[in-house]
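Residue strings, one per chain:
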Amino acid sequence: MINLSLKSLNQGLVKKKFSSLELTQFFLNRVEKHNSDINAFISIDAEKSLTQAKHADALIQSGQNSLLTGIPVAQKDIFCSAGWRTTCGSLMLDNFISPYDATVIQKFNEVGAVNLGKTNMDEFAMGSSNETSYYGSVKNPWDLSLVPGGSSGGSAAAIAARLAPAATGTDTGGSIRQPASLCGFTGLKPTYGLVSRFGMIAFASSLDQAGPMAPSAEDCAVLLNVMAGYDEKDSTSINHEKEDYLANLDEPIKGLRIGVPKEFFEKGLDGSVQKVIEAALMSYKKMGAELVDISLPNTHLAIPVYYVIAPAEASSNLSRYDGVRYGYRAKEYNDLMDMYFKTRQEGFGEEVKRRILIGTYVLSAGYYDAYYLKAQKIRKLISDDFKKAFEKCDVIMGPSAPSVAFKANEKKSDPLAMYLQDIYTISTNLAGLPGMSIPAGMIDNLPVGLQLIGNYFKESQMLNIAHAFQKETDWHTRMPDGVS
Amino acid sequence: MDWDIVIGIETHVQLRTNSKQFSGASTAYGSEPNSQACLVSLAYPGVLPVLNKEAVNCAIRFGLATDAEIASRSIFARKNYFYPDLPKGYQISQFELPIVNHGKLSISINGKEKEVRILRAHLEEDAGKSLHGIVQGKTGIDLNRAGTPLLEIVTEPDMSSADEAVTYAKKLHELVQWIGICDGNMQEGSFRCDVNVSVKKKGDTKLGTRREIKNLNSFRFIKQAIDYEVNWQIERLEDGEKIDQATILFNPETGETRAMRSKEEANDYRYFPDPDLLPLEVTANMIDKIKLSMPELPASVAERFEKNLGLSSYDASELTANREVTNYFNNVLQFECSPKITANWILGVIFSQLKEKDISISLCPISPAQLAKLIQRIEDQTISNNAAKKVFDALWQKPNTEIDLLIDELGLRQISDSGAIDQLVEEVINANINMVNEFKSGKEKAFNALIGQVMKASKGKANPAQVSEILKKKLTI
Amino acid sequence: MTINQKDIEKIAHLARINISEEESATLEVKLNSIISMIDKMQEVNTDNVEPMSHALEVTQPLREDKVTESDIRSDALKIAPEVVDSTFIVPQVIE
């Protein structure tokens with residue numbers, strides 16, 4: 001069961017080969033057995049999950065089911081889930097039992113999917129290695145001494161170790177794509193506005209997007225069909241006409257123009273990774289695609305721009321964590337000010353505090369123009385780079401991350417080194433474009449991901465392009481040794 | 001030393017909407033604490049704001065009513081600061097690009113018109129309430145009010161006295177109720193003024209340092225606070241001390257102002273456009289639609305009352321001070337009563353009754369139709385004006401009574417039959433020869449005394465005008 | 001642009017986060033490295049560029065003025081740190 005696609009699992013349920021109850025129990029058992037090795041989950045509630053499974057079985061029984069009915073899905077602990085502890089990887093929300101469901105969670109509930117549990121993540125989604133979580137680091141199932149990537153590290157590890165057949169993540173600067181690359185599965189960050197952000201704990205509002213994480217592109221399409229959709233509770237949600245992301249998976253890709261940005265292949269990219277990517281591009285060429293040289297000249301400014309905008313928005317979004325209405329409150333304090341200061345000193349981890357301070361700084365009097373405003377202008381330039389590039393190509397490809405998974409603690413004390421992990425993914429978020437990572441090869445038994453960047457609302461096409469690769473190759477079916 | 005006073009006012013107007021600015025929670029006043037605090041009001045992780053259409057309409061109405069520019073594109077911004085009644089740690093407001101710009105409001109000061117320029121008006125949300133005294137040494141936060149739609153209206157520093165400030169505030173208060181965007185209930189906090197006050201030596205072009213008096217919610221307090229503050233500032237300057245910019249509170253009990261403790265360091269609000277909201281687009285279409293539903297503005301109605309109905313400008317102004325009064329007046333006129341008599345009755349008798357009972361005209365038990373009937377009976381001479389007042393008092397107790405019935409019940413039907421009056425006058429003349437002779441020898445007062453006798457003899461029912469006429473005729477033969 | 005510990009103190013105050021003395025020293029180093037990275041933005045000329053806040057040309061949707069939310073007081077107060085008489089209790093707010 002651990003390597004069955006979502007479609008096959010659905011068939012199994014529909015043909016009564018197994019029930020959702022059995023399927024859910026199966027994965028719960030796997031979690032119980034293996035989670036302590038990798039620390040992928042923060043919260044498990046077997047009773048709740050099995051209750052949902054029973055309800056799903058009833059739906060299947062009465063023929064009122066869809067593809068995801070009865071399928072256990074691991075939910076990144078950034079999605080508020082009614083009655084579940086929702087921590088966002090932070091002590092600040094350690095005791096927060098959410099009184100409501102995020103829209104994404106509601107959508108899963110509506111089709112009868114099962115919430116398998118809440119996965120670990122970098123605190124408040126700030127990180128690229130899942131080492132900043134209050135609940136401890138997540139280990140990469142391919143090599144427990146390595147990081148799984150972040151911030152959706154828990155979901156990533158769960159998929160890699162097959163503790164769940166599907167998972168959700170969020171991507172603000174690469175937090176779905178980079179872990180997908182480091183853990184060898186398929187991850188998709190949709191166009192900004194395609195998936196509702198209501199109930200998704202905010203990090204950087206203009207960059208955050210929720211997306212599917214699963215072994216294959218087809219699996220991701222199944223998940224995206226449920227996740228996507230206009231939500232009037234989210235003002236930034238786009239009223240895009242409903243699509244079936246499975247419909248065009250098998251379209252031929254002959255004549256596809258693939259843009260290859262030279263800036264993605266400069267120094268900073270590990271040589272072996274580069275070889276894997278180039279080989280993948282060759283595979284596409286063999287499939288009939290055309291490689292086109294393009295340039296995204298402002299790529300080198302993406303990280304500075306991101307590290308102004310994201311912390312600025314985050315510093316404001318995280319002001320609500322003040323110990324007044326919910327969440328952590330310091331045990332001892334002399335007065336109101338003291339309560340604020342101590343609560344936020346104790347409740348937040350180092351990286352979060354650093355980013356709040358940077359964000360506060362770049363918005364403060366005298367600095368707004370030079371930093372925040374400037375960053376928003378360069379953001380326009382970066383976005384225009386993509387516009388120009390898409391005149392010459394249909395999709396852009398390159399590496400998802402500059403290297404394979406790195407050792408735990410290696411970059412933890414060097415924020416800048418950590419930030420460079422996102423060098424290829426960040427500009428996609430700045431432009432609001434959709435991005436994907438698919439497994440493209442291995443180096444010393446560690447996965448390497450190929451990144452696809454599409455034009456606005458081209459998820460269907462991207463999934464088709466990814467699926468084509470996955471029909472010719474089997475990288476996405478590989479599992480770490482020891483996963484059985 | 002002569003001093004100029006410079007005043008600018010920022011008014012927070014709570015908009016009359018059913019739901020909050022950015023969520024569907026109720027805005028009803030006076031509910032149990034936190035019973036109207038929804039997920040968004042409570043600033044839970046993950047919640048998002050969605051803008052209230054009616055609040056936007058209110059802002060547009062205000063822009064139209066003050067001849068302002070209504071921005072086709074305006075932006076919401078976050079004003080960041082920490083306070084327990086501000087659940088998100090920021091207030092969603094508008095900063096660089098507000099929805100309304102450059103309007104004006106005319107006020108009448110000592111018979112002269114003065115224009116107060118309105119720099120801008122923008123949409124924002126109200127904070128919650130801090131309740132002191134629930135627990136010793138602690139404060140209880142009620143978030144029912146958090147998120148209520150506000151329109152913040154900011155003037156240029158165009159006012160130069162406490163009177164001008166109060167006149168402006170009153171006019172604005174009337175206007176926002178007139179156009180239906182605010183219920184004007186100051187006790188409930190629907191209309192709150194922050195007053196910026198500074199002084200400068202007469203003729204100086206440079207403005208003095210201003211201090212901001214926050215949250216004044218009565219016109220009396222506005223006057224008292226300004227008066228105190230102006231004196232305070234002048235005294236300090238005359239002593240050679242300088243004035244620091246400060247935010248201050250007015251204590252109604254002592255009548256004094258004092259600086260707020262927590263605002264010692266100027267707050268850096270770190271305004272930036274709210275990424276959870278998109279630019280607000282207001283189209284010409286939207287504005288036109290709202291124009292059609294706008295009521296005629298008070299100044300224009302007052303002008304009509306003066307020109308077409310011949311009312312004095314004072315009466316016209318009083319009758320258009322509030323839309324309910326204007327509607328009442330118009331409703332009475334539908335019965336073709338004399339506008340002047342109607343105006344007198346409303347502004348005189350009715351207003352004084354309403355004041356005594358401390359109710360507004362909407363609660364006046366006497367309907368416009370009833371008042372119209374009463375006025376008709378005065379106009380057709382059935383009763384005298386004085387008698388009408390008695391009928392009015394009786395009617396107030398039993399508002400649904402037929403007026404004619406009441407007139408007869410009270411026996412107030414005026415005697416207008418000239419024959420009967422003639423007889424009464426004759427009788428009185430014959431019984432008061434001395435008075436008649438006094439009049440004939442030049443004592444004017446005797447005439448009134450004779451009228452008085454006739455009225456007495458008729459138990460007040462004789463038509464005084466007719467009595468006077470007939471008596472005059474008889475005495476000048 | 002570099003910041004010193006005094007700047008950090010000011011920023012931390014605005015953000016309501018206590019920073020201990022040891023933390024302040026390490027922060028100074030780390031924040032300055034981040035700031036010098038951010039300063040790379042000044043390399044490019046953006047004189048005639050419009051700031052971008054949203055990728056697509058979209059405007060704010062408007063919500064009908066209806067009451068859609070009900071009383072969730074009991075759930076909200078249940079998860080609050082300190083509650084008395086249905087209000088959230090904090091140390092006294094002094095104005």
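Scroll up to find the structure.
Residues numbered from 1 in each chain as written. Chains lettered and ligands numbered in written order. Predicted model: local features only at pLDDT ≥ 70, side-chain atom pairs only at ≥ 80, totals over all residues. Heavy atoms only, no water.

Section: the overall build of chain A
Then comes step 1: Broken down by element type, chain A carries 15 helices and 11 strands.
Then comes step 2: Over its C-alpha atoms chain A spans a radius of gyration of 21 Å, differing by no more than 12% from the 23 Å that the globule rule assigns to 484 residues.
Then comes step 3: Projected onto the principal axes, the alpha-carbon positions of chain A cover approximately 65 × 55 × 45 Å.
Then comes step 4: Here chain A, with 484 residues, has 69% of them falling under the buried criterion.
Then comes step 5: Summarising the internal contacts of chain A: among those between residues at least 6 apart in sequence, 75% fall at separations of at least 24.
Then comes step 6: When the accessible area of chain A is evaluated, it comes to approximately 14700 Å², of which 50% is carbon and sulfur surface.
Then comes step 7: Charged side chains in chain A number 48 positive and 53 negative. The centres of these two groups are separated by 1 Å. (Helix = DSSP H or I, 4+ residues; strand = E, 2+ residues; numbered from the N terminus. Rg over C-alpha atoms; globule rule 2.2 N^0.38 Å. Buried < 20%, exposed > 50% of the residue type's maximum accessible area, 1.4 Å probe, protein only. Contact = heavy atoms within 4.5 Å. Areas by Shrake-Rupley, 256 points an atom, 1.4 Å probe, with all protein chains shown as cover. Lys, Arg positive; Asp, Glu negative; His and termini not counted. Charge placed at Lys NZ, Arg CZ, Asp CG, Glu CD.)

Observations concerning unusual backbone geometry
Then comes step 1: Backbone torsion omega between Gly 150 of chain A and Ser 151 of chain A reads 10°, so that peptide bond is classified as cis.
Then comes step 2: Tracing the backbone shows Ser 151 of chain A in the loop between strand E3 (114-119) and helix H5 (153-160).
Then comes step 3: Although it is not a glycine, Ala 125 of chain A sits at a positive phi angle of roughly 65°.
Then comes step 4: Relative to the elements of secondary structure, Ala 125 of chain A occurs in the loop between E3 and H5.
Then comes step 5: If you check the backbone angles, Asp 85 of chain C has positive phi at about 50° while not being a glycine.
Then comes step 6: Topologically, Asp 85 of chain C is positioned in the loop between strand E2 (83-84) and strand E3 (87-91).

Quick word on the packing of helix H7 (residues 323-333) of chain B against helix H9 (residues 368-379) of chain B
Residue and element names in this part refer to chain B.
Then comes step 1: One can describe the packing of H7 onto H9 by two numbers: an axis separation of 8 Å at closest approach and a directional angle of 50°. By the criterion of interaxial angle, the relationship of H7 to H9 is oblique. For the crossing formed where H7 meets H9, the hand is right-handed. Contacts from Tyr 328, Asn 331 and Val 332 in H7 reach Pro 368, Leu 371, Ala 372 and Ile 375 in H9.
Then comes step 2: Grouping the constituent residues of the contact of H7 with H9 by class yields six nonpolar, one polar and no charged. (Axes fitted to C-alpha atoms, helices over the stretch in contact; angles between N-to-C directions. Parallel < 35°, antiparallel > 145°, perpendicular 65-115°, else oblique. Left-handed = near helix turned anticlockwise from the far one by under 90°. Nonpolar A, V, L, I, M, F, W, Y, C, P; charged D, E, K, R; others polar.)

Some thoughts on the packing of aromatic side chains
Ring pairs (aromatic) are described by centroid distance and by the angle formed between their planes.
Then comes step 1: Scanning the entire structure with this criterion turns up 29 aromatic pairs over all chains.
Then comes step 2: Taken together, the ring pairs in this structure connect Phe 96, Phe 124, Tyr 321, Tyr 326 and Phe 348 of chain A together with Tyr 44 of chain B into an aromatic cluster.
Then comes step 3: Cation over ring: Lys 48 of chain A sits above Trp 84 of chain A, and NZ or CZ is 5.4 Å from the ring centre.
Then comes step 4: Looking at Lys 79 of chain B, its charged tip hangs above the ring of Tyr 269 of chain B, at a distance of 4.4 Å from the centre. (Phe/Tyr/Trp six-rings, centres within 6.5 Å; stacked < 30°, edge-to-face > 60°. Lys NZ or Arg CZ within 6 Å of the ring centre and 35° of its normal.)

Focus on the pairing of strand E11 (residues 446-454) of chain A
All names here are of chain A.
Then comes step 1: The buried fraction of E11 amounts to nine of the nine residues, a majority that puts the element mostly inside the structure.
Then comes step 2: Burial of the side chains of E11 extends over both faces: Leu 446, Val 448, Leu 450, Leu 452 and Gly 454 are buried on one face and Pro 447, Gly 449, Gln 451 and Ile 453 on the other.
Then comes step 3: Examined bridge by bridge, strand E9 (residues 395-399) and E11 share five bridges and lie antiparallel to one another. Across the sheet, the residue bridging to Pro 399 is Leu 450, located in E11. (Pairing = 2+ DSSP bridges.)

Quick look at the interface of chain B and chain A
Where interface size is quoted, it is often the accessible area lost as the parts come together.
Then comes step 1: In this assembly, 29 residues from chain B lie in contact with 38 residues from chain A.
Then comes step 2: Inspection of the region where chain B meets chain A yields one salt bridge.
Then comes step 3: Linking Asp 276 of chain B and Arg 197 of chain A is a salt bridge whose minimum nitrogen-to-oxygen distance equals 2.9 Å.
Then comes step 4: Viewed at the interface, chain A and chain B are joined by 15 residue pairs in polar contact (both at pLDDT 80 or more).
Then comes step 5: Taken together, the elements giving at least two residues each to the side of chain B that touches chain A come down to strand E5 (77-80) and strand E16 (272-273) of chain B.
Then comes step 6: Of the residues contributing to the side of chain B that touches chain A, the split by class is 21 nonpolar, three polar and five charged. (Salt bridge = Lys/Arg side-chain N within 4 Å of Asp/Glu carboxyl O. Polar contact = N/O pair within 3.5 Å; in protein donor to acceptor, adjacent residues only side chain to side chain.)

Some details on the interface of chain C and chain A
Then comes step 1: Each side of the interface is counted separately: chain C has 51 residues, and chain A has 62 residues.
Then comes step 2: Approximately 4900 Å² of surface area, both sides summed, lies buried where chain C meets chain A, with 73% of it carried by carbon and sulfur atoms.
Then comes step 3: A per-residue breakdown of the area chain C buries against chain A is headed by Arg 16, Met 41 and Met 52 of chain C, which together make up 14% of the total.
Then comes step 4: Between chain C and chain A we count two salt bridges in total.
Then comes step 5: Here chain C is connected to chain A by 11 residue pairs in polar contact (both at pLDDT 80 or more).
Then comes step 6: Every element with two or more residues in the side of chain C that touches chain A is listed here: helix H1 (5-14), helix H2 (21-38) and E3 of chain C.
Then comes step 7: For the side of chain C that touches chain A, the element with the highest residue contribution is H2 of chain C, accounting for nine residues.
Then comes step 8: Classifying every residue of the side of chain C that touches chain A gives 32 nonpolar, 11 polar and eight charged. (Buried area = accessible area lost by both parts, 1.4 Å probe.)

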